[in-house]
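# Survey of secondary and tertiary structure
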Amino acid sequence: MAAATSHLSLCSSSSSAASLSQTQTCSFFKKEADLFSRFAAFPRKTQSSTWVRRVRPRKSFQLKFSSNGSPLNAVSLQDSGSSVAKKGLGTQEEEASSFLYSEPRKAESTLSITVVGASGDLARKKIFPALFALFYEDWLPENFCVCGYARTRMTDEELRNMISKTLTCRIDKRENCEDKMEQFLMRCFYHAGQYNSEDNFRELDMKLKEKEAGKLANRLFYLSIPPNIFVDVVRCASLRASSGDGWTRVIVEKPFGRDSESSGELTRCLKQYLAEDQIFRIDHYLGKELVENLSVLRFSNLVFEPLWSRNYIRNVQLIFSEDFGIEGRGGYFDNYGIIRDIMQNHLLQILALFAMETPVSLDAEDIRNEKVKVLRSMRPLQLDDVIVGQYKGHSKGSKSYPGYIDDPTVPKNSTTPTFAAAALFINNARWDGVPFLMKAGKALHTKRAEIRVQFRHVAGNLYRRNFGTDLDKATNELVLRVQPDEAIYLKINNKVPGLGMRLDCSDLNLLYRARYPREIPDAYERLLLDAIEGERRLFIRSDELDAAWALFTPLLKELEDKRIAPELYPYGSRGPVGAHYLAAKHNVRWGDLGSED
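Criteria and cut-off values
- Within any chain, residue numbers begin from 1 and follow the written order of that chain's sequence.
- Where totals are concerned, whole chains, interfaces and linings use all residues; where local detail is concerned, this predicted model gives features only for residues with pLDDT of at least 70, and gives and counts side-chain atom pairs only at 80 or more.
- Computation of side-chain values: all heavy atoms of the structure, hydrogens and water removed.
- Only DSSP runs of H or I reaching four residues or more are called helices, and only runs of E reaching two or more are called strands; each is numbered from the N terminus.
- Each residue is assigned to one of three classes by its accessible area relative to the maximum for its type, calculated with a 1.4 Å probe on protein chains only: buried under 20%, partly exposed between the two thresholds, exposed over 50%.
- Contacts were defined at the residue level, with two residues in contact if any of their heavy atoms lie within 4.5 Å.
- The method behind every accessible area is Shrake-Rupley, applied with a 1.4 Å probe, and residues are considered shielded solely by the protein chains displayed.
- To form a nonpolar core, buried Ala, Val, Leu, Ile, Met, Phe, Trp, Tyr and Cys residues must be joined to one another through side-chain atoms within 4.5 Å.
- Simply put, an axis is a line fit to the C-alpha atoms, just over the touching stretch for a helix, and the angle between two N-to-C directions goes from 0 to 180 degrees.
- What sets the label is the angle itself: under 35 degrees gives roughly parallel, over 145 gives roughly antiparallel, 65 to 115 gives roughly perpendicular, and the rest give oblique.
- Should the near helix be turned anticlockwise from the far one by less than a right angle, the crossing is left-handed, and should it be turned clockwise, the crossing is right-handed.
- Gly is placed with the polar residues, together with every amino acid not listed as nonpolar (Ala, Val, Leu, Ile, Met, Phe, Trp, Tyr, Cys and Pro) or charged (Asp, Glu, Lys and Arg).
- Here a strand pair is declared whenever DSSP counts at least two bridges between the two strands.
- A pair of Phe, Tyr and Trp rings is counted when the ring centres sit within 6.5 Å of each other, with Trp represented by its six-membered ring. The angle between the planes then sorts it: under 30 degrees is stacked, over 60 is edge-to-face, the rest tilted.
- Geometrically, a charge over a ring is one whose NZ (Lys) or CZ (Arg) sits within 6 Å of the ring centre while staying within 35 degrees of the ring normal.
- One fewer than the residue count of a helix, multiplied by 1.5 Å, yields its expected span.
- In this scheme, the bend at a residue equals the angle between the axes fitted to the seven residues that finish there and the seven that begin there.
- Take a side-chain nitrogen of Lys or Arg and a carboxyl oxygen of Asp or Glu: if they are within 4 Å of each other, that pair is a salt bridge.
- To be clear, the arc concerns the directions from the helix axis to the C-beta atoms.
- Our working definition of a disulfide is a cysteine sulfur pair at a distance within 2.5 Å.

## Some points on the overall build of the chain
Across its full length, the chain holds 16 helices and 18 strands. Counting all 597 residues of the chain, 53% fall into the buried class. Taking the contacts inside the chain whose residues are at least 6 apart along the sequence as the reference set, 79% of them involve residues at least 24 apart. Just so you have it, the chain exposes about 27500 Å², and 51% of that area is on carbon and sulfur atoms.

This is how it looks when you write it as structure tokens:
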């Protein structure tokens, strides 16, 4: 990260583009409209969609304008040094003249998707298959192309061969799958170049223009690259390969820094070349089906919303576990650890969605405003409310499992946690005093990601004696299992059939694979489609990122400054014992410890 920090400091020398004057544009429209209204009548209806629509688009595609009136194309500084603002004004004047003095016409457009870092694992395993799935289901526009960009020397055909090995017709088994795969591959191209070379990105721009063939060009860049070269790529793409007449958007993968300072520096550097509404910070967990269903479950069902507060909820648990270790990824993981890798982003984002107040609407900004309010209401984490652990080697039967520091990519004296549990609190009227417990770890006994909501005990429960002294067995619990085997179930108490009075805890279960046999789309499919459509609801805004880092940065600094030794736990176990003491401290029992789980 030291290299990243030194690189980011270079961004201060770059200039940002000038903004469009709304006053000048509005004045122009008013004068022209007043003049022309004396001589002509406008038709009742006009059609000005700028996208050629497919059979089943989720929503219409259109050229949008930002709050300052400028088009949402990249801050594209031309070779001569002129700003986009003047170009944007001229474009609006031409459009206004066209609207006032001629018949409206449909602008045929094209979409160019550039995957930067195309030779990497993420691109091969997730991004290209997700793009193919969107094409297979007719979600992409009629005119589109996919361009891979990386330093590796490769031909178009070699890229297609690499991609074809990861494409599957997993959605269904229609007979035209092979034909669709071939059609998709023929739209994929490759351009080799350096990530910090403006000349190479100018060559990329020329290749994209050939494919766009003079149509209205919209461009999406997916940065599947290490964070220390984000700014180089954004600078080169913005200056040399942004769209001149459509929009340009950039998807940025985590990690977004290591702490508040590095994250803020990264944001500042990106905003020298891009507007906030062009930056799509992706957290693929927000695209998972059960996370999307969280707000539907709460706001669309009367039975849950009245219960969603401290009056009825005793605690909330967000649990993430993997049953494998780092497996050669120590170079990345040891620099970040489980708190930065999972808790500060995936789990905290789910917590914010769970705990937010009802937004004004489903508009992206309304939802993100409420999430930011939740994050700003939370207490910064204290060391007393956190347990960290690290897995050690373990033998089970004839098989041996290596410990974290046994991995050749990990320093032998590393204290980086592979497990963490934390108790967080929200200081507002709805959630005051309710512990939100997070738990995340690698090399545990099972793979799972779930949200568990434990309700309060029934006051004066008439059947108290039937549960003995363990009232936790009688706790109603709502569980949203994000993975694997997506499900929503509610634990309730009921009488076992028979002459005696014996109570049992049963599940009211919505198992997705039973109710919805069609395979659930991958999270990357949903998020890529949202980015193409300009839907920002599931992407992270810069102030949201700042608030998230403000919660974890003091803790992370203290852990590293004091070199807190993590508690060791065996590979394949349930994690360190300290996690159970942490839960007990807040009068909570982890919900994933039951025999049925």
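## Side note on unusual backbone geometry
The linkage connecting Lys 254 with the following residue, Pro 255, adopts the cis geometry, with an omega of 10°. Of note, Pro 255 is situated in the loop between strand S5 (248-253) and helix H9 (260-270). Omega for the peptide link from Gln 483 to Pro 484 comes to -15°, which places this bond in the cis form. Relative to the assigned elements, Pro 484 resides in the loop between strand S14 (477-483) and strand S15 (487-495).

## Here's the deal with the nonpolar core
Counting residues in each nonpolar core, the largest one holds 151 residues, and the members touching the most others are Phe 184, Leu 223, Ile 339, Phe 354 and Phe 552. Broken down by element, this core gets its largest block of residues, 13 residues, from helix H11 (residues 330-355). If we skip the residues at most four places from it in the chain, Phe 184 touches Phe 128, Leu 131, Phe 132, Phe 135, Phe 144, Val 146, Ile 163 and Leu 167.

## Observations concerning the packing of helix H4 (residues 121-136) against helix H14 (residues 523-533)
H14 packs onto H4 with a crossing angle of 65° between their chain directions and a minimal axis gap of 9 Å. One way to sum up the angle between H4 and H14 is to call them roughly perpendicular. Between H4 and H14 the crossing geometry is right-handed. The residues of H14 that touch H4, namely those facing Leu 122, Lys 126, Ile 127, Ala 130, Leu 131, Ala 133 and Leu 134, are Tyr 524, Glu 525, Leu 528 and Leu 529. Of the residues contributing to the contact of H4 with H14, the split by class is nine nonpolar, no polar and two charged.

## Let's talk about the environment of Met 438
Here Met 438 is to be found in strand S12 (residues 436-441). Other than its neighbours up to four places away in sequence, Met 438 contacts Leu 318, Met 343, Leu 347, Leu 348, Leu 351, Ala 420, Ala 421, Ala 422, Leu 424, Phe 552 and Trp 590.

## Quick notes on the pairing of strand S7 (residues 313-321)
Most of S7 sits out of view: nine of its nine residues are buried. Where S7 meets strand S13 (residues 448-455), eight bridges bridge the pair, whose relative direction is antiparallel. From the neighbouring strand, Leu 318 faces S13, where its bridge partner is Ile 451. Pairing analysis gives six bridges linking S7 to S12, with the strands arranged parallel. Looking across to S12, one finds that Gln 317 is bridged to Leu 437.

## A short note on the packing of aromatic side chains
All chains considered together, the criterion is met by 20 aromatic pairs. Seen from their ring centres, Phe 280 and Phe 539 are 5.0 Å apart, and the 85° between their planes marks the pair as edge-to-face. Pair noted here: Phe 280 is in strand S6 (residues 279-282) and Phe 539 is in strand S17 (residues 539-540), with a separation of 259 residues, a long-range link. Overall, the relative accessible area of 0% leaves Phe 280 in the buried class. Among the aromatic residues, ring-to-ring pairing joins Phe 333, Tyr 391, Tyr 401, Tyr 404, Phe 419, Tyr 569 and Tyr 571 into one connected group. Taking NZ or CZ as reference, Arg 160 lies 5.3 Å from the ring centre of Phe 189, over its face. One residue, Arg 249, lies across the ring of Trp 247, its end atom 3.8 Å from the ring centre.

## Observations regarding helix H15 (residues 542-561)
With 20 residues, H15 should cover 28 Å at 1.5 Å per step; its first-to-last C-alpha distance of 27 Å lies within 8% of that length. Maximal helix bending in H15 amounts to about 35°, located at Phe 552; proline Pro 554 follows within four positions. Those residues of H15 that fall on the buried side of the exposure criterion are Ser 542, Glu 544, Leu 545, Ala 547, Ala 548, Trp 549, Leu 551, Phe 552, Thr 553, Leu 555, Leu 556 and Leu 559. After H15 finishes, the residue Arg 563 shows a positive phi value of roughly 45°.

## Some remarks on the sheet that holds strand S18 (residues 567-570)
Read across the sheet, nine strands follow the order S16-S15-S14-S13-S7-S12-S11-S8-S18 without closing on themselves; strand pairing throughout is mixed. Sheet topology places strand S16 (503-511) and S18 at the edges, where each strand pairs with a single neighbour. Within the sheet, the average angular offset between the axes of one strand and its neighbour, ignoring direction, is 20°. Set on the sheet, helix H10 (residues 289-299) makes contact with S13, S14 and S15; between it and S14 the angle comes to about 150°. Where H11 meets the sheet, it contacts S7, strand S8 (386-392), strand S11 (419-424), S12 and S13, and its direction lies at approximately 145° from that of S12.

## Considerations on the environment of Leu 511
Summarising the element assignment, Leu 511 is placed in strand S16. Along the chain, Leu 511 and Ala 487 lie 24 residues apart, while their C-alpha atoms are 4.4 Å from each other. With residues up to four places along the chain from it excluded, the contact list for Leu 511 reads Arg 481, Asp 485, Glu 486 and Ala 487.

## With respect to the pattern of salt bridges
Side chains that differ in charge, positive against negative, can pair when their charged atoms come close. All told, the structure shown has 37 salt bridges when counted by the stated rule. As a salt-bridge pair, Asp 205 and Arg 219 come within 2.6 Å of each other at their nearest N and O atoms. Placement of Asp 205 in helix H7 (residues 198-212) and of Arg 219 in strand S4 (residues 216-223) is noted, with a sequence separation of 14 residues between them. Given a relative accessible area of 8%, Asp 205 falls into the buried group. For Arg 219, a relative accessible area of 2% corresponds to the buried category.

## Describing H9
The complete set of buried residues in H9 reads Ser 262, Ser 263, Leu 266, Thr 267, Cys 269 and Leu 270. Buried residues along H9 cover an arc of 165° about the axis, so they all sit on one side.

## Details of the environment of Asn 161
For Asn 161, the position within the fold is in helix H5 (residues 156-164). Its relative accessible area of 41% is what places Asn 161 among the partly exposed residues. As for Asn 161 and Leu 185, which are separated by 24 residues in sequence, their C-alpha atoms are 8.7 Å apart.

## Here's the deal with the state of the cysteines
On inspection of all chains with the given rule, the structure shows zero disulfides. Here Cys 188 is not cross-linked by a disulfide; its sulfur's nearest cysteine counterpart is in Cys 145, at 8.9 Å. Its relative accessible area of 0% is what places Cys 188 among the buried residues.

Remember that the coordinates give geometry; whether it matters functionally is a separate question.
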